[in-house]
Amino acid sequence: MTTENTTGQQDPHAQREAEKYDNPIPSREFILEALEEAQKPLRLYQVAKVLEVSEDDEERYEALSRRLKAMVRDGQLIRNRRGAFGLLKKMDLIKGRVLGHPDGYGFLVPEEGGKDLFLSEKEMHKALHGDVVIASVIGEDRRGRQEGAIIEVIEHNTKQVLGRLATENGLSWVRPNNNRLTQDIFIPKDGLLDAKEEQVVLVEVLSQPTLRSGPIGKIIEVVGDYMAPGMEIDAAIHAYGIPNEWPEALVKELDAIPDKVVESDLEGRKDLRSMQLVTIDGSDTKDFDDAVFAKRRKNGWRLVVAIADVSHYVKIGSELDKEAFKRGNSVYFPQRVVPMLPSKLSDGLCSLNPHVDRLCMVADLAIDEHGRLERSQYYQAVMNSKARLTYDQVNDILTDSDSEFRAQFAEQVPHLEDLHELYKVLQKAREERGALEFNTTETRIVFDDDRKIKEIVPVFRNDAHKLIEECMLMANVATARYLKWHKIPIVYRVHEKPTEERLKNVRTFLKDFGLTLEGGDEPTAHDYATVMEKIKDEPYEHLVQTVLLRSMNQAVYQPDNKGHFGLNYEHYTHFTSPIRRYPDLLVHRAIQHAWKKVGAEGFEYTEVKMQELGQHCSDTERRADEATRDAVTFLKCEFLSHRLGEEYDAVVTAATNFGLFVEIDPLYVEGLVHITELGEDYFHYDNARHCLKGERTGKVYRLGDRIRVQVAQVNLDDRKVDLRFISGGSTDETASEKGSENTPESQEDADSSEQKRPRRKRYYRKGKKSPNKSQ
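First things first, this report covers the structure right here in the doc. Note that the coordinates shown come from a computational prediction; the quantities given were computed from them, not determined experimentally. As a convention, each chain's residues are numbered from 1 in the sequence order in which they are written. Local features are withheld for residues below a pLDDT of 70 in this predicted model, meaning they are given only at 70 or higher, and side-chain atom pairs are given and counted only at 80 or more; totals for whole chains, interfaces and linings count all residues. The side-chain numbers reported here are obtained from all heavy atoms of the structure, hydrogens and water having been left aside.

## A word on helix H12 (residues 413–433)
Here H12 is 21 residues long and its end C-alpha atoms lie 30 Å apart, about the 30 Å a rise of 1.5 Å per residue gives. Immediately beyond the C-terminal end of H12, within one or two residues, lies Gly434, with a positive phi of roughly 90°. In DSSP terms, a helix is any run of H or I states spanning at least four residues, a strand is any run of E spanning at least two, and both are numbered starting from the N terminus. To estimate the expected span of a helix, subtract one from its residue number and multiply by 1.5 Å.

Have a look at this one:
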């Protein structure tokens, strides 16, 4: 049976096809090559002729027909009106995923990368947010963006929708909670399931939207009342498609795992049960995935970072593994967690609880007097945590010689003091390296008995937080170097340098303060750190710091190691949290393969596979961020809805072409002062200087300005807070260029935040993140 085309070329994947099918046909790759060489669309019989598949061989001919149709379905080919199959790129067509916008329009994010394609509101009637489509470029919109038209929807990804039921004149529809889904779903009378108006319901989409008709569905579950406690989290889980139920097959698999560590689990493991390993976490933490121990040596320190050995229980290809991959990470809502792993593992066998045996993966590190990594060793072990400590307890021990906790944890105190001395050395090395460190104000929501916000309070990081962070960073760096040396494909945690456009804007902004960002087209984190050192204790310190932070890219998971700009590391990965992050689990598996000393040979994951896994994990991380932000935003809006008419001091956190976003000082809640509130003038937005300037009066409002506002309106559905401008702000451009005396804290650390301001999705900005051990 031939595996050639009419030009004599061999199908490079013929062996693979032969292993899969008794009567193999040309591979998809070979078909694409044939169409590329044909330089024109081909009908079925023409494709068959080129690939030497005879029409007389009915079985192969029919199989080829099905494969071509499948390739059309998967967006690899397009079929024109004449029935001929062609290549998307030859027809100037683009395959990608639809990204909906709350205002009705959207964007096509190309599968192969490149600039997004703008989709008008009319085009968005054909598809829903998340659908995979094929589109053509039809020109440019009025803002100069490439505009597209949807040719075909090849994958509908919105099968269920959570929203509120509305009725009018005998007709019913559901308004989706996810504000990226802007089309209401019509519900026929026989699909209401006895739901009442304004209740939150789950809808199965029966008919997808077209240009001329909207989506149709039926209610399959009445979730509850709109303002019920915890409903905002249920709504976010459904709206963002976060898996939150365990499959039956997984439950059966989990039942077969013993409830505690058994003797057979200890085979081949080093016994660390006598070592003074302790966990240091927040007071409300329930899962403990890392423990630490440090000991002073003659010329440095020994640092032991023990991480729960999740890979022992979650085997490749198991039901647990499939579900962990699907979830990608744990999602942390206020007072509720959607875990990546079932509680038997996340809170039990894979949580390093005190005074019980636990299996762990150990990074045993030797660090010199200057905080440099000298060597690393990795092994599996069994441990027994000697104490469950909190950040506040450890900080009290380290800063107060009369602390009550020094007596309570007397056996651990010497080792904690060694850890603290090591931290000081690592911190100094961090400063010399030029790693970026932004001062942030974290917040915590305090609920009342009805699970409504009682208050929002700041949370401050102490030396204990920073101590653990530095230990985790060292373990992550050591792991990346170790696996790089062994040439094992892994997902690195990559934070690329700022783009050329962002650098240009930052430098324009810094000129107003007489500052210069060195480094040309390739500035380093050290160049950024130099600027931050110059503004230290200046009245505009936090203003400049915020702009520097927002100039940066998001960190992602990928096998192409491009380093970590913010931390100024050449190699960086995530090793320390396999309970809650799938990439860390992949890294643990890579370490175990490295012990075989055969390089990448025989490793379960190729670099191509790692690319897919990295993209998926980056996506689930963003999904978790958006979902938690949505829930917290709703809670904060509800909190502010009871304070209409009240006046507060606020600080400008962002300027846009439609107004100012400000944070209300005592509440840590943000809202919008619309541009029309600023006075009788034409205000123009300066993107580089992050300000609005009045054409007639010369008034300038920019980041860091302090103003007085009044709560005017709160829209819970749209998560919008509108504020009325009372007074304050800069009076002219000269005054604003001197910087404000009080400026807002930067939003998040350079690794995990969305530093570039996203397209405005709602009149509410991203909430602040909780402290994270491993950036």
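We are not done yet, so read on.
## Details of the environment of Lys596
For Lys596, the location among the structural elements is in the loop between helix H17 (582–594) and helix H18 (607–640). Remark: exposure states derive from per-residue accessible area (1.4 Å probe, protein chains only) relative to the maximum for the residue type, with buried under 20%, exposed over 50%, and partly exposed in between. Look at Lys596 and you get exposed, because its relative accessible area is 57%.

## Digging into the packing of aromatic side chains
Each pair of aromatic rings taken from Phe, Tyr and Trp, with Trp reduced to its six-membered ring, is defined by centres within 6.5 Å and is described as stacked if the planes are under 30 degrees apart, edge-to-face if over 60, and tilted in the remaining cases. In the structure shown here, the tally under the stated rule is 15 aromatic pairs. Consider the rings of Phe107 and Phe118, whose centres lie 5.8 Å apart with planes at 70°: the pair is edge-to-face. Here the residue Phe107 occupies a position in strand E4 (residues 106–110), and Phe118 occupies one in strand E5 (residues 117–119), the gap between them amounting to 11 residues. The criterion is that NZ of a Lys, or CZ of an Arg, lies within 6 Å of the ring centre and within 35 degrees of the ring normal, and then a charge sits over that ring. The aromatic ring of Phe447 is capped on one face by Arg451, whose charged end is 4.6 Å from the ring centroid. We note Arg643 situated over the ring of Phe639; from NZ or CZ to the ring centre the distance is 4.0 Å.

## Remarks on the sheet that holds strand E26 (residues 647–656)
Should DSSP find at least two bridges between two strands, the strands are taken to pair. Around the barrel, 5 strands lie side by side as E26-E27-E28-E33-E32; this closed barrel has mixed pairing. Between one strand axis and the next, the sheet turns by 50° as a mean value, whatever way the strands run. As paired elements, strand E32 (residues 706–715) and strand E33 (residues 720–728) share 8 bridges and run antiparallel to each other. Across the sheet, Arg708 pairs through a bridge with Ser727, a residue of E33. A fitted line through C-alpha atoms represents every axis, and for helices the fit uses only the stretch in contact; the resulting angles, taken between N-to-C directions, go from 0 to 180 degrees.

## A short note on unusual backbone geometry
Even without being glycine, Asn169 reaches a positive phi, approximately 55°. Within the fold, Asn169 resides in the loop between strand E8 (160–168) and strand E9 (171–176). Using a relative accessible area of 74% as the deciding quantity, one classes Asn169 as exposed. One non-glycine residue, His355, adopts positive backbone phi at about 65°.

## Quick look at the pattern of salt bridges
Whenever a carboxyl oxygen of Asp or Glu lies within 4 Å of a side-chain nitrogen of Lys or Arg, that contact is scored as a salt bridge. Summed over the entire model, instances satisfying the criterion amount to 41 salt bridges. A salt bridge links Arg327 to Glu323; its shortest N-O distance comes to 2.9 Å. Here Glu323 and Arg327 lie together in helix H8 (residues 319–327), a separation of 4 residues that amounts to about one turn. Grouping residues by exposure puts Arg327 and Glu323 together as buried. A salt bridge links Glu469 to Arg430, with the nearest nitrogen and oxygen atoms 3.4 Å apart. Residue Glu469 is found in helix H13 (residues 463–485), and its partner Arg430 is found in helix H12; the two are separated by 39 residues along the sequence. Considered together, Glu469 and Arg430 belong to a single accessibility category, that of buried residues.

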